[in-house]
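# Report on the structure
Residues per chain, in single letters:
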Amino acid sequence: MPRRLSPYSSLALVAAAALALTACAPAAEAPDSAATTPSSVEVPDTPVGAKTSWIVDVLGAEEDTTAAEWEPHLDAAFTAEVSAAEVADLLNTQIRPAAPFTVTAYRGDERSAVTTIKGTIGEAFDMTVALNDDDKIVAFLLGPASEP
């Protein structure tokens, strides 16, 4: 019997798949000046800010990410729907090829945040991260960047 995904996790996978189609598409034109390079914004020193910074570092690392790297950061309710291996595979094949990344916007509180990220190819995207009281990821969504 196939595993049923909750509507929430299905949204995460659909959003990630949609992002994958745009994030790794060739850029329409190569930037030729510093004026086209997005400026970076600071990520606050909050629980979700620290987790967000960790994720951005993972996305930009030279080596592929692994399920073992993600498992300690993901809540059991999250991994019941989407495994750490699925997260690592999606990021390695669909997102990380656009590295390096620049954080261009950040909106959040102590436990949840939406971070706008721009890679070297494709369109900017929003990364939503929400944490439980144990600082484990309970929501991790990727989708097209919203208007500021």
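As the structure is a computational prediction, the values presented were derived from the model and not from experiment.

### A few points about the sheet that holds strand 4 (residues 137–144)
- Taken together, the four strands give an open sheet; going across it, the order is 1-2-3-4, and neighbouring strands pair in antiparallel fashion. Only two strands of the sheet have a single partner each, and these edge strands are strand 1 (102–108) and strand 4. Across this sheet, the average inter-strand angle for adjacent strands is 20 degrees, counted without regard to direction.
- Relative to strand 3 (residues 125–131), strand 2 (residues 112–118) runs antiparallel, the two being bridged by six bridges. The partner of S112 across the bridge, within strand 3, is A130.
- Across the sheet, helix 2 (residues 47–60) is in contact with strand 1, strand 2, strand 3 and strand 4; its angle to strand 3 comes to roughly 130 degrees.

### A short note on the pattern of salt bridges
- Counted according to the given criterion, the structure contains three salt bridges.
- Linking D64 and R96 is a salt bridge whose minimum nitrogen-to-oxygen distance equals 2.7 Å. With D64 in the loop between helix 2 and helix 3 (67–70) and R96 in the loop between helix 5 (84–95) and strand 1, the pair connects residues that are 32 residues apart, well separated along the chain.
- R96 sits in the buried class, given a relative accessible area of 9%.
- In this structure, R107 and D126 form a salt bridge, with 3.6 Å as the shortest nitrogen-oxygen distance. In this pair, R107 sits in strand 1 while D126 sits in strand 3, placing the two residues 19 residues apart along the sequence.

Definitions and limits used
Residues numbered from 1 in each chain as written. Predicted model: local features only at pLDDT ≥ 70, side-chain atom pairs only at ≥ 80, totals over all residues. Heavy atoms only, no water. Pairing = 2+ DSSP bridges. Helix = DSSP H or I, 4+ residues; strand = E, 2+ residues; numbered from the N terminus. Axes fitted to C-alpha atoms, helices over the stretch in contact; angles between N-to-C directions. Contact = heavy atoms within 4.5 Å. Salt bridge = Lys/Arg side-chain N within 4 Å of Asp/Glu carboxyl O. Buried < 20%, exposed > 50% of the residue type's maximum accessible area, 1.4 Å probe, protein only.

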